[in-house]
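What follows is each chain in one-letter form.
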Amino acid sequence: MTATGTTALLGVAAEAALAVPGVAGLQPRLAHCLAAAAAPTRTDTAPHGMPPEAGIRADRAPDGSGWRIEVRCVLAEGHRALDTARNVHDRVRTAVSSHLATHGVAEPVTVAVTVTRIAARPAMV
Amino acid sequence: MALDDPQARPSEPPDADGPRTSPIDAGVPPFAGDEVLPCGRLLSRVWEQARDAAPVADPHTVTCPHCREAVEGLATVNAAAQALRAEDPPGLQALADRVMNVVRAEIRLGRLLPLADPDRELRIAESAAAKVLRQAADLVPGVRAATCRLVPAGEGADVRVTMALAAALDRPLPDRVDQVRQSVLDSAGRDLGLAVTAVDITVVDVLESWPPLGPGDPTGGGT
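Under an unreviewed UniProt entry, the name given to chain B is Asp23/Gls24 family envelope stress response protein, and the organism recorded is Streptomyces olivochromogenes.

Per an unreviewed UniProt entry, the recorded name for chain A is Asp23/Gls24 family envelope stress response protein, and the organism is Streptomyces olivochromogenes.

Rendered as structure tokens:
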């Protein structure tokens, strides 16, 4: 079995999530925000400049049988949160499964989507 | 723990720096709390290799998803730890402020609530949902929402809303509160997709400047 890197999965998942109408951006995870805050060259903790992958977490299932993907997204106002989150869920799962399949890996993929914020207008995240 | 944290390094013979391709030599944790990865490697050894070894030194680490994941997972923390070491003492307060701002922003998200989909794991932060529901309450003339809390109710995706608001006294409060409750319920379903089963409302203040006086409408708003 070809090993599929976590980094590649993060990119695939982020691209799929950002392509969903109503998704204004991805909310960086706490670890990335703390790392950015600790970086001497940074003067603020805003998510600007962070790669979209910072809003994705990809973990192997505890028994190693598949992947669990967590997406933290910011929605644009005017889109129903449930419908948009559903869309993100399905597209990310499809994209990650397809990516794994191209590497000869057929593993279950579970996706969790969290809406962290609803932006008043399309956010520059 | 950073990659180059000397405190995390187990003692070992000088010739033990080479790549370890067998899990056998990693069978005995060198210190309490060390973790054995599913591939048999010790987490501490994998981190050591990531710090010390040349990129092609160990074929196992290159191909093993467990080892690679362990190294990737540590990279962010390692970068932060190195930044902390590089920080000048006068900058420590600023650093602490930046870190605390990040922590506060995370806390402000509030609890995570289930969206009404039994087949998918979809959640929304309490702060995001509360903002939408407060706006729905404010649509009722003579009302200003003060606080809005949401908590899961039961095992499913049901959610209970607790809201405090200020209301004008130009109309009976029960009617106005019912209007707010309906507006919140409608918005929860229409704008969010939350299965709100109850909206508990407490009027905590009187909206004094209501109805607003205007040149063309001396009696103000109200429905």
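Enquirer: Mind laying out the interface of chain A and chain B, listing which residues take part and the relevant values?
Expert: If you look at the interface, chain A gives 31 residues, while chain B gives 36 residues. When contributions to the side of chain A that touches chain B are tallied by element, the ones reaching two or more residues are α1 (6-18), α2 (30-38), α3 (81-102) and β4 (109-119) of chain A. Tallying contributions element by element places α2(A) first for the side of chain A that touches chain B, with eight residues. When its residues are assigned to classes, the side of chain A that touches chain B shows 17 nonpolar, nine polar and five charged. Sheet topology places β4(A) next to strand β2 (residues 121-125) of chain B; four bridges connect them, and they run parallel. If you follow A:Ala112 over to β2(B), its bridge partner there is B:Glu121.

Enquirer: Lay out the pairing of β2(B) with the relevant residues and their values.
Expert: Residues and elements named next belong to chain B. With respect to burial, β2 is a largely interior element, four of its five residues being buried. Inspection of the sheet shows strand β1 (residues 112-114) paired to β2 by three bridges, in the antiparallel sense. Within β2, the residue paired with Pro114 across the bridge is Arg123. Adjacent in sequence and paired antiparallel, β1 and β2 are bridged by six residues.

Enquirer: Tell me about helix α4 (residues 92-108) of chain B, and name the residues and values.
Expert: The end-to-end C-alpha separation of α4(B) is 24 Å, in line with the 24 Å expected for 17 residues at 1.5 Å each. A positive phi of about 75° marks B:Gly110, the residue just after α4(B).

Enquirer: Describe the pairing of β4(A), naming the residues involved and giving the relevant values.
Expert: Residue and element names in this part refer to chain A. Counting buried positions along β4 yields eight of eleven residues, so the element is predominantly enclosed. As paired strands, strand β3 (residues 67-76) and β4 are joined by ten bridges and run parallel to one another. Across the sheet, the residue bridging to Cys73 is Val115, located in β4.

Enquirer: Before we move on, can you summarise the environment of B:Thr162 with the specific residues and values?
Expert: Residue and element names in this part refer to chain B. With respect to the secondary-structure elements, Thr162 resides in strand β4 (residues 158-167). Once the C-alpha coordinates of Thr162 and Leu150 are considered, the two residues, twelve residues apart in sequence, prove to be 6.3 Å apart. With residues near it in sequence (within four places) discarded, Thr162 still touches Arg149 and Asp200.

Enquirer: Just give me the short version of the sheet that holds strand β5 (residues 195-206) of chain B, but keep the residues and values in it.
Expert: By definition, the strands of a sheet pair up through backbone hydrogen bonds, in either a parallel or an antiparallel sense. Residues and elements named next belong to chain B. Pairing within the open sheet is mixed, and its three strands lie in the order β3-β4-β5. At either margin of the open sheet sits one strand with a lone partner, and together these are β3 (143-152) and β5. Taken pair by pair, the neighbouring strands of this sheet meet at an average axis angle of 20°, ignoring direction. Strand direction decides the pairing type here: β3 and β4, joined by nine bridges, are antiparallel. Directly across from Cys148, in β4, lies its bridge partner Met163. Along the sheet, helix α5 (residues 126-138) contacts β3 and β4; its crossing angle with β3, the most-contacted strand, is approximately 145°. Seen against the sheet, helix α6 (residues 173-192) touches β3, β4 and β5 and runs at an angle of roughly 140° to β5.

Enquirer: Describe the nonpolar core, listing the residues and the values that go with them.
Expert: Formed by 65 residues in total, the largest nonpolar core has its most connected members in A:Ala13 and A:Ala17. No other element matches the eight residues that α3(A) contributes to this core. Other than its neighbours up to four places away in sequence, A:Ala17 contacts A:Val23, A:Leu26, A:Val71, A:Cys73, A:Val88 and A:Val92. Of all hydrophobic cores here, the second largest spans eight residues; its members include A:Cys33, A:Leu34, A:Ala35 and B:Ala80.

Enquirer: Help me get a handle on the packing of α2(A) against α4(B), residues and values and all.
Expert: Between α2(A) and α4(B), whose axes approach to 8 Å, the crossing angle comes to 160°. By the criterion of interaxial angle, the relationship of α2(A) to α4(B) is roughly antiparallel. Considering the relative orientation of α2(A) and α4(B), their crossing is right-handed. Between α2(A) and α4(B), the contacting residues are A:Leu30, A:Cys33, A:Leu34, A:Ala37 and A:Ala38 on the first element and B:Leu95, B:Arg98, B:Val99, B:Val102 and B:Glu106 on the second.

Enquirer: For the environment of A:Asn87, give the residues involved together with the corresponding values.
Expert: Within the fold, A:Asn87 resides in helix α3. With 66 residues separating them in the primary sequence, A:Asn87 and A:Pro21 have C-alpha atoms 8.6 Å apart.

Cut-offs applied
- Residues numbered from 1 in each chain as written.
- Chains lettered and ligands numbered in written order.
- Predicted model: local features only at pLDDT ≥ 70, side-chain atom pairs only at ≥ 80, totals over all residues.
- Contact = placed C-beta atoms within 7 Å.
- Helix = DSSP H or I, 4+ residues; strand = E, 2+ residues; numbered from the N terminus.
- Nonpolar A, V, L, I, M, F, W, Y, C, P; charged D, E, K, R; others polar.
- Pairing = 2+ DSSP bridges.
- Buried ≥ 20, exposed ≤ 12 C-beta atoms within 10 Å, placed from the backbone.
- Expected span 1.5 Å × (residues − 1).
- Axes fitted to C-alpha atoms, helices over the stretch in contact; angles between N-to-C directions.
- Core = buried A, V, L, I, M, F, W, Y, C linked by C-beta atoms within 7 Å.
- Parallel < 35°, antiparallel > 145°, perpendicular 65-115°, else oblique.
- Left-handed = near helix turned anticlockwise from the far one by under 90°.

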